[in-house]
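These are the residues of each chain, in order.
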Amino acid sequence: MRTIDAAAAVLAEANGPLHYGEITERILARGLWLSEGKTPEATVNARLAVDLRSQGTASRFVRVGRGRFALNLQRDQGSDRRTSSPTAVTGGGGRSSSASFTDAAEQILVESPDRRPLHYAAITEQALERGLIHTEGRTPSATMYSQILTDIRRRETRGESPRFVQHGRGMVGLAAWQPVEVAGLVEKKNREVRQALLERARSASATGFERLVGELLSAMGWDIEVTRASNDGGVDLRGTLVVGDTVRIRMAVQAKRWKANVQAPIVQQVRGSLGAHEQGLIVTTSDFSRGAREEALRPDAAPVGLMDGQQFAALLAKHQIGARIQPYELYALADDEDGEG
């Protein structure tokens with residue numbers, strides 16, 4: 001496996017960004033790549049840096065700090081379709097639009113007769129044999145696994161129900177196969193609460209929404225200041241986060257209580273109003289256009305984070321703003337060996 005393919009597979013399994021040293025350790029521990037050099041960490045760092053410089057916003061990676069990398073989720077939203085062929089053969093001999101890697105994986109699993117999880121390599125092999133996907137890449141299995149894991153993480157971040165479930169050692173199944181018991185009922189209730197929180201935010205006044213955004217950011221550890229409306233340059237809030245009593249991160253925030261998607265010019269406006277050493281954040285009750293997401297990730301410009309309505313509602317629930325966590329006692333039978341004296 002190529003170094004960057006191995007790095008993509010490791011980052012897809014991680015819960016967040018990793019330092020290139022940690023990426024290297026996980027690659028070597030899993031045997032995804034064998035290095036004969038004495039400084040494999042430097043090799044991984046260099047390969048990631050070269051990919052970012054050569055690919056720009058089309059790279060699979062983003063740099064989120066000094067030596068720290070993450071998957072480019074905005075790029076991933078369309079990358080699986082870009083690697084698919086224009087057409088795929090259907091069962092009836094006709095032609096239809098090709099499936100993405102994740103759509104193909106879902107179709108393979110749905111048609112599995114015994115509802116057993118499959119290894120991602122087996123899913124990829126069946127998808128290629130049936131013409132559901134086509135790729136010129138040398139490691140389609142790694143691409144498949146990366147896309148599935150990214151799909152799981154993206155849906156979790158947005159507070160949506162997952163399509164896939166990991167079963168360890170590369171085995172993947174469908175979430176729909178899981179029994180609808182306590183966990184399923186809890187998730188259903190949580191989705192309803194998140195949606196209600198989002199609707200409440202959408203119906204708030206502009207000032208009320210700004211106040212709600214500030215309350216959330218404060219709960220997340222930011223020291224928030226509301227800007228003066230007469231001279232805010234489009235910025236509604238400014239915040240400072242102190243990490244380890246030494247590092248200070250400054251952020252300018254614009255709150256958009258909109259129904260329509262936020263477009264690229266808004267991202268440019270926020271970036272233009274940033275002060276020295278500031279980064280930007282746009283929080284909206286709607287979503288962002290593809291152009292806005294690409295503009296926010298432009299590598300030669302100051303970073304601007306994007307928080308859409310689904311992410312906003314999920315964070316409100318997590319930090320118990322407008323919602324509360326209710327604990328319940330759930331009894332389960334002990335295993336036989338647990339009951340032995």
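Residues numbered from 1 in each chain as written. Predicted model: local features only at pLDDT ≥ 70, side-chain atom pairs only at ≥ 80, totals over all residues. Heavy atoms only, no water.

### Some words on the overall build of the protein chain
Move 1: Tallying secondary structure elements over the protein chain gives 13 helices and 13 strands in all.
Move 2: For the protein chain, the residues scored as buried account for 43% of the 341 residues in total.
Move 3: Residue pairs at least 24 apart in sequence account for 57% of intrachain contacts in the protein chain once pairs closer than 6 positions are excluded.
Move 4: Carbon together with sulfur atoms contributes 49% to the accessible area of the protein chain, which is approximately 19400 Å² in total. (Helix = DSSP H or I, 4+ residues; strand = E, 2+ residues; numbered from the N terminus. Buried < 20%, exposed > 50% of the residue type's maximum accessible area, 1.4 Å probe, protein only. Contact = heavy atoms within 4.5 Å. Areas by Shrake-Rupley, 256 points an atom, 1.4 Å probe, with all protein chains shown as cover.)

### Focus on the nonpolar core
Move 1: Within the largest apolar cluster, 40 residues are counted, with the highest numbers of intra-cluster contacts made by Ile23, Ile27, Phe61, Leu109, Ile123, Met144 and Phe164.
Move 2: Secondary-structure elements contributing two or more residues to this core are helix 1 (3-13), helix 2 (20-30), helix 3 (40-55), strand 3 (68-71), helix 5 (101-110), helix 6 (120-129), helix 7 (140-157) and strand 8 (171-174).
Move 3: A per-element tally of this core places helix 1 first, with eight residues.
Move 4: Beyond its immediate stretch of four places on either side in the chain, Ile27 contacts Thr3, Ala6, Ala7, Val10, Leu32 and Trp33.
Move 5: The next biggest cluster of nonpolar side chains, apart from the first, holds 21 residues, and it includes Leu212, Val253, Val283 and Leu315. (Core = buried A, V, L, I, M, F, W, Y, C linked by side-chain atoms within 4.5 Å.)

### Focus on the environment of Val213
Move 1: By secondary structure assignment, the location of Val213 is in helix 9 (residues 206-219).
Move 2: The spatial distance from the C-alpha of Val213 to the C-alpha of Leu237 is 8.7 Å, given a sequence separation of 24 residues.
Move 3: Among residues more than four places away in sequence, those in contact with Val213 are Leu237, Val253, Ala255, Val283 and Phe312.

### Some words on the confidence of the model for the protein chain
Fine structural detail should not be taken from predicted coordinates in areas where pLDDT scores are low.
Move 1: Mean pLDDT over the protein chain: 80, with 83% of residues reaching 70 or higher.
Move 2: In the predicted structure, residues 76-98 sits below a pLDDT of 50 and forms 45 contacts with residues beyond four places in sequence or in another chain.
Move 3: Segment residues 336-341 is flagged for pLDDT under 50; beyond a separation of four residues in sequence, or across chains, it makes zero contacts in the model. (pLDDT = per-residue confidence, 0-100.)

### Describing the sheet that holds strand 3
Move 1: Ordered in space as 1-3-2, the three strands form an open sheet in which the pairing is antiparallel. Each edge of the open sheet is held by one strand with a lone partner, namely strand 1 (18-19) and strand 2 (61-65).
Move 2: Where strand 1 and strand 3 come together, two bridges link them in antiparallel fashion. Opposite Leu18, over in strand 3, you have Phe69 as the bridge partner.
Move 3: Of the strands in this sheet, strand 2 and strand 3 are in contact with helix 3, which crosses strand 2 at around 115°. (Pairing = 2+ DSSP bridges. Axes fitted to C-alpha atoms, helices over the stretch in contact; angles between N-to-C directions.)

### Quick word on the side chain of Arg293
Move 1: Tracing the backbone through its elements, the reader meets Arg293 in helix 11 (residues 290-296).
Move 2: A polar atom in the side chain of Arg293 sits 3.5 Å from the side chain of Asp308. (Polar contact = N/O pair within 3.5 Å; in protein donor to acceptor, adjacent residues only side chain to side chain.)

### Points about unusual backbone geometry
Move 1: If you check the backbone angles, His277 has positive phi at about 60° while not being a glycine.
Move 2: Mapped onto the elements of the fold, His277 is located in the loop between helix 10 (264-272) and strand 12 (278-284).
Move 3: Positive phi, normally seen in glycine, also occurs at Gln320, with a value near 55°.
Move 4: The residue Gln320 is located in the loop between helix 12 (309-318) and helix 13 (336-339) in this model.

### Considerations on the pairing of strand 2
Move 1: In the sheet, strand 2 pairs with strand 3 via four bridges, with the strands oriented antiparallel. Pairing of Val62 across the sheet is with Ala70, part of strand 3.

### Concerning helix 12
Move 1: Burial within helix 12 is extensive, with seven of its 10 residues counted as buried.
Move 2: Every buried residue belonging to helix 12 is among Gly309, Gln311, Phe312, Ala313, Ala314, Leu315 and Leu316, and all of these are buried.
Move 3: Once helix 12 ends, the next one or two residues include Gln320, with phi positive near 55°.

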